[in-house]
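A look at the structure
So the chains spell out like this:
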Amino acid sequence: AKVKPDILLKDADIQEYNALVLPGGRGSREYLIDNEYLLALVKTAYEKGKIVAAICSSCMIPAKAGILKGKTATCFTRPEDVLFLKASGAHYQGMGVAVDGRIITATGPADSDKFAEKILEALNKIKDAPVYGQEIPCRFCDEDEPAGDP
């Protein structure tokens, strides 16, 4: 599916969201880890009590934002990613999905289902929030493509 962003990072108001989820992949190392707006958004999300979730190499983003210090976390198994996570003060778990309070991290695609389940569990613990886990329309998908599984 093609993603059509409807807001710039610099214009995002974290108060409008219950969670900030950072998708993984090589692009996170190349384009996102040094994005000052994203780093500030991650830090603010955590400070405001939001869920912060990251998978694969995107786990380095909350590490760089300073919110993983003293937290159990995991990331993609690339040695540079692991060293970066440890250097941030995180307690590296090494595999699967790690949940430490409102922070959820996962190693990569093989754990994406469990990662999503943990995010849904965390969202469903929020008082007065909508019930998550049911199929909902995707506002970012092309109109001719259904949301959900291909």
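Presented here is an overview of the structure given in this document. Note that this is a predicted model, so its numbers are computed, not measured. (Residues numbered from 1 in each chain as written. Predicted model: local features only at pLDDT ≥ 70, side-chain atom pairs only at ≥ 80, totals over all residues. Heavy atoms only, no water.)

What about the overall build of the protein?
Applicable threshold: Strands are runs of DSSP state E lasting at least 2 residues, helices are runs of H or I lasting at least 4, and numbering of each runs from the N terminus. Any two residues having at least one pair of non-hydrogen atoms within 4.5 Å are treated as being in contact. Note on areas: Shrake-Rupley, 1.4 Å probe, and residue coverage restricted to the protein chains presented here.
Helix and strand content of the protein: five helices and six strands. For the protein, the N- to C-terminal ordering of α and β elements is β-α-α-β-α-β-α-β-β-β-α. Considering only residue pairs separated by 6 or more positions, the protein has 54% of its internal contacts joining residues 24 or more positions apart. Total accessible area computed for the protein in this model is approximately 9,300 Å², and 53% of it derives from carbon and sulfur atoms.

Regarding the side chain of Ser 57
Stated formally: Here the term buried applies to any residue with accessible area under 20% of the maximum for its type, exposed to any over 50%, and partly exposed to those in between, with areas from a 1.4 Å probe on protein chains only.
Among the structural elements, Ser 57 can be located in the loop between strand S2 (51–55) and helix H3 (60–65). Judged by its relative accessible area of 1%, Ser 57 is buried. In this structure Ser 57 touches Gly 25, Ser 28, Arg 29, Phe 76 and Asp 81, once residues within four positions along its chain are discounted.

Things to note about the pairing of strand S5 (residues 97–100)
To be explicit about the condition: Paired strands, in this sense, are two strands between which DSSP finds at least two bridges.
Judged from the four bridges that link them, S5 and strand S6 (residues 103–106) form a sheet pairing that is antiparallel. Paired with Val 97 across the bridge in S6 is Ala 106.

So, helix H2 (residues 36–47)
As a reminder of what qualifies: Working rule for helices: expected span equals 1.5 Å times residues minus one. Polar contact criterion, stated in full: a pair of N or O atoms within 3.5 Å, where within protein one must be able to donate a hydrogen and the other to accept it, and residues adjacent in sequence count only if both atoms are side-chain atoms.
For H2, spanning 12 residues, the distance from its first C-alpha to its last is 16 Å, which sits close to the expected 16 Å at 1.5 Å a residue. Looking at the buried residues of H2, the elements they touch are strand S1 (19–22), helix H1 (26–32), S2, H3 and S6. Measuring from the backbone nitrogen of Tyr 37 back to the side-chain oxygen at the start of H2 gives 2.9 Å, which picks out Asn 35 as the cap. Downstream of H2 by a residue or two, Gly 49 has a phi angle that is positive, lying close to 85°.

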